[in-house]
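A structural walkthrough
Each chain, letter by letter, is given below.
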Amino acid sequence: VSYKNKEENKRWYKKGLKDGIPIGMGYFAVAFTLGITAKNIGMTPLQSGLTSALMHASAGQFAAMTVIAAGSGYVEMMITTIIVNLRYLLMSCSLSQKAGSEMGIGHRLLVSYFVTDEIFGISSGVEGKLNPFYNYGAASVASPGWVIGSFLGASVGAILPANVANAMNLALYGMFMAIVIPPAKKNKVIAIVVVSSMIASYIFSLLPGLREISSGFKIMILTIAIAAIAAWKCPICKEGEAA
Amino acid sequence: MTGNVYMYLIVAAFTIYAVRALPMTLIRKDIKSPFIRSFLYYVPYVTLSVMTFPAILEATGNTASLTEAEREKIQSIRESLGTNFCRRCNYCAPCAAGINIPIIFLIEGYYTRYNLKEWALKRYAGQEKTASDCIGCGACEDRCPYNLPIREMMKNTAKVFGK
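Owing to the predicted nature of the structure, the values given are computational and were not obtained by experimental measurement.

Our focus in this paragraph is the interface of chain B and chain A. Contacts between chain B and chain A engage 49 residues on the former and 91 residues on the latter. Summing both sides of the interface, chain B and chain A together bury roughly 6300 Å²; the carbon and sulfur share of this comes to 74%. In this structure, the connection of chain B to chain A is made through zero salt bridges. Between the two partners, chain B and chain A, sit 18 residue pairs in polar contact (both at pLDDT 80 or more). Mapped onto the side of chain B that touches chain A, the elements with two or more residues apiece are α1 (5-26), α2 (34-52) and α3 (55-58) of chain B. Classifying every residue of the side of chain B that touches chain A gives 34 nonpolar, ten polar and five charged.

Here it is, written out as structure tokens:
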């Protein structure tokens, strides 16, 4: 059985807690908006918090609330949820390898529950293989931020001044950059991948026809295309090393 | 809102969990194919970069283009400022009569445009030399990089404050 070293697990859990703090703060701010939307479609604060606890997905939850508000069918709810959240499929594929074969099905089921953009981001950023306790640590601060924020948003509305909420939202992007930039400095291929991804994303946001694509789908399309080209042109030979 | 909210939530939660858990539980072994391994290795870098840019530019919530009403307001402010607007660079100094030229115009702005009349009057009263002390030598106008008709503007300011 893997992860027998309790000290090691504790160390990873603490590291996850620490790295999860900025995520929790950002989530708290962003989730307010979600809560206000929930209130507008007639959800109670508890239902709003429950939605967040069950889904942990911003765009995904907005989409789900749209379906609920429209009173569409359950099948439509399933299809919408799959389409809007398809990027998590890719993230989980990537994490399945980061986890390594020593991670059993129980841990994998639990880690999956908290695959969000941000938690995926930081867990991709750790050195070597992923210890699930890192994800549990991060989730134990990030998830309450998300759930409480959306509960409060639905009960008291916007109590955070807009500039504070925006600043916290911005911090999440800063965190993404902190994950991507250090390896890009060491590895030219990653640097090229990062820069081309940003350029491609920018082009997608400008061109008519392309800019109408939802952000979740844009992430999917560009990830598949660019990661495939990079894998074809510069396959890695050892973990973390470009050929 | 129709239908059962909780039923909707259960369907959505189950679906999103399936999207996340299926790859994680089905792909448990280390993948051997160098292409797929490399692909998955590059995925986070692409995903995080695409999510960040250009979204980060919009994250301050301030990129909406101006509305027609805002444009009109800007135009009316632009017209009211006219071309005789002191930018307070202070290149006109020193004034032969000892007037602090940019400050005088600043206080006038507070009086006429900012709706801070009382505050401006107090400040104006506190100035050692005011617009009416202008001797009209024009030395400041030679030094003003914006070619402002400072003497004309001084006369106007003196009229506004009565001294």
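Turning next to the nonpolar core. Of all hydrophobic cores here, the largest spans 81 residues; its most connected members are Met43(A), Met77(A), Val193(A) and Tyr42(B). Counting 20 residues, the second largest nonpolar core, distinct from the first, contains Cys86(B), Ile104(B), Phe105(B) and Ala158(B).

With that settled, the discussion passes to unusual backbone geometry. Residue and element names in this part refer to chain B. Each neighbour pair has its own omega, and for Phe53 with Pro54 the value is 5°, a cis peptide bond. One can find Pro54 in the loop between α2 and α3. Of note, Asn90 is a non-glycine position whose phi angle comes to about 70°, a positive value. For Asn90, a relative accessible area of 40% gives the class partly exposed. The phi dihedral of Asn115 falls on the positive side, at around 60°, and the residue is not glycine.

Under the defined criterion, the tally for this structure stands at five salt bridges over all chains. Where Asp117(A) meets Arg87(A), a salt bridge forms, and the shortest distance between an N and an O atom there is 2.9 Å. Here Asp117(A), found in helix α7 (residues 117-125), pairs with Arg87(A), found in helix α5 (residues 87-99); they are 30 residues apart in sequence, far enough to count as distant. In this pair, the class of Asp117(A) matches that of Arg87(A), namely buried. Between Glu141(B) and Arg151(B) there is a salt bridge, and its shortest N-O distance comes to 3.1 Å. Taken together, the residues Glu141(B) in helix α7 (residues 139-143) and Arg151(B) in helix α8 (residues 150-161) connect sequence positions ten residues apart.

Okay, the confidence of the model for chain A next. When pLDDT is averaged along chain A, the result is 87, and 96% of the positions lie at 70 or above. This model gives residues 239-243 of chain A a pLDDT under 50, and the stretch forms 14 contacts once residues within four places in sequence are excluded.

Together, Val195(A), Ile199(A), Tyr202(A), Ile203(A), Leu206(A), Leu207(A) and Leu57(B) make up a nonpolar patch on the protein surface, roughly 620 Å² of accessible area in all. Of all the elements, helix α10 (residues 188-206) of chain A adds the most residues to the nonpolar patch, at five residues. Within the secondary structure, Leu207(A) is located in the loop between α10 and α11 (215-233).

Disulfides are covalent bonds that link the sulfur atoms of two cysteine residues. Under the criterion given, the structure shown has zero disulfides over all chains. Between Cys92(B), a free cysteine, and Cys140(B), which holds the nearest cysteine sulfur, the sulfur-to-sulfur gap is 6.3 Å.

Moving on, we get to the side chain of Asn85(A). Tracing the sequence through the fold places Asn85(A) in the loop between α4 (74-84) and α5. Judged by its relative accessible area of 0%, Asn85(A) is buried. Dropping the residues within four chain positions of it, Asn85(A) is found in contact with Ala57(A), Gly60(A), Ile16(B) and Val19(B).

Residues and elements named next belong to chain A. Relative orientation of the contacting elements helix α2 (residues 45-55) and helix α3 (residues 58-70) amounts to 130°, with a least axis distance of 10 Å. Put simply, α2 runs oblique to α3. Crossing of α2 against α3: the hand is right-handed. Along its contact with α2, which presents Thr51, Ser52 and Met55, the element α3 presents Gly60, Gln61 and Ala64. Here the residues of the contact of α2 with α3 are counted per class, giving two nonpolar, four polar and no charged.

A few words now on the side chain of Lys98(A). All names here are of chain A. As for its position among the elements, Lys98 is in helix α5. A relative accessible area of 16% means that Lys98 is categorised as buried. Engagement of the side chain of Lys98 in a polar contact is seen with the backbone oxygen of Gly128, the distance being 2.9 Å. In this structure Lys98 touches Ser123, Ser124, Val126, Glu127, Gly128, Lys129 and Leu130, once residues within four positions along its chain are discounted.

Attention now goes to the packing of aromatic side chains. Residue and element names in this part refer to chain A. Counted by the stated rule, this structure contains 14 aromatic pairs over all chains. Residues Phe133 and Tyr136 carry aromatic rings whose centres are separated by 5.3 Å and whose planes lie at 75° to one another, so their mutual orientation is edge-to-face. Linking Phe133 with Tyr136, this pair stays in helix α8 (residues 132-156), spanning three residues, or about one helical turn. Looking at Phe133, the relative accessible area reads 24%, which means it is partly exposed.

Moving on: helix α1 (residues 6-40) of chain A. Residue and element names in this part refer to chain A. A bend of about 40° at Gly20 is the largest found in α1, and the proline Pro22 appears one to four places after it. Taking the backbone nitrogen of Glu7 as reference, a side-chain oxygen 3.1 Å away marks Asn5 as the first, capping residue of α1. Downstream of α1 by one or two residues, Gly42 has phi in the positive range, about 95°.

Cut-offs used in this document
Per-chain numbering applies: the sequence of each chain, read as written, is numbered from 1 onward. In the order they appear in the text, chains get letters beginning with A and ligands get numbers beginning with 1. Given that the model is predicted, a residue must reach a pLDDT of at least 70 before its local features are reported, and side-chain atom pairs must reach 80 or more before they are shown or counted; all residues, however, enter totals for whole chains, interfaces and linings. Hydrogens and waters are ignored; side-chain quantities use all the structure's heavy atoms. It only takes one pair of heavy atoms within 4.5 Å for two residues to be counted as in contact. Buried area: the sum, over both parts, of the accessible surface (1.4 Å probe) that disappears when the two are put together. Counted as salt bridges are all cases of a side-chain nitrogen of Lys or Arg within 4 Å of a carboxyl oxygen of Asp or Glu. N or O atoms within 3.5 Å of each other form a polar contact, as long as, within protein, one can give a hydrogen and the other can take it, and as long as residues adjacent in sequence are counted only when both atoms are side-chain atoms. Secondary structure elements are defined from DSSP: runs of H or I of at least 4 residues count as helices, runs of E of at least 2 residues count as strands, and each element is numbered from the N terminus. Lys, Arg, Asp and Glu make up the charged group, whereas Ala, Val, Leu, Ile, Met, Phe, Trp, Tyr, Cys and Pro make up the nonpolar group; the residues left over, Gly among them, are polar. Throughout, nonpolar core names a set of buried Ala, Val, Leu, Ile, Met, Phe, Trp, Tyr and Cys residues whose side chains join them through atoms within 4.5 Å. For the exposure calls, accessible area comes from a 1.4 Å probe over protein chains only, and a residue counts as buried if that area is under 20% of its type's maximum, exposed if over 50%, partly exposed in between. By definition, pLDDT measures how confident the predictor is in each residue, and it falls between 0 and 100. Note that patches include only residues with greater than 30% relative accessible area and no salt bridge, and the join distances are 9 Å for like charges and 5 Å for nonpolar side chains (Val, Leu, Ile, Met, Phe, Trp, Tyr). Only the protein chains shown count as cover for residues, and the accessible areas themselves come from Shrake-Rupley with a 1.4 Å probe. Here, two cysteine sulfur atoms that lie within 2.5 Å of each other are counted as a disulfide. Here, axes are lines fitted to C-alpha atoms. For helices the fit covers the stretch in contact, and angles between N-to-C directions go from 0 to 180 degrees. Any angle that is under 35 degrees is reported as roughly parallel, and any over 145 degrees as roughly antiparallel; angles of 65 to 115 degrees are reported as roughly perpendicular and all others as oblique. The sense of a crossing depends on the near helix, which, turned anticlockwise from the far helix by less than a right angle, makes the crossing left-handed and, turned clockwise, makes it right-handed. Pairs were defined over the aromatic rings of Phe, Tyr and Trp, the Trp ring being its six-membered one, requiring ring centres within 6.5 Å. Orientation was assigned from the angle between planes: stacked under 30 degrees, edge-to-face over 60, tilted for the rest. Fitting axes to the seven residues that end at a residue and to the seven that start at it, the angle between those axes gives the bend at that residue.

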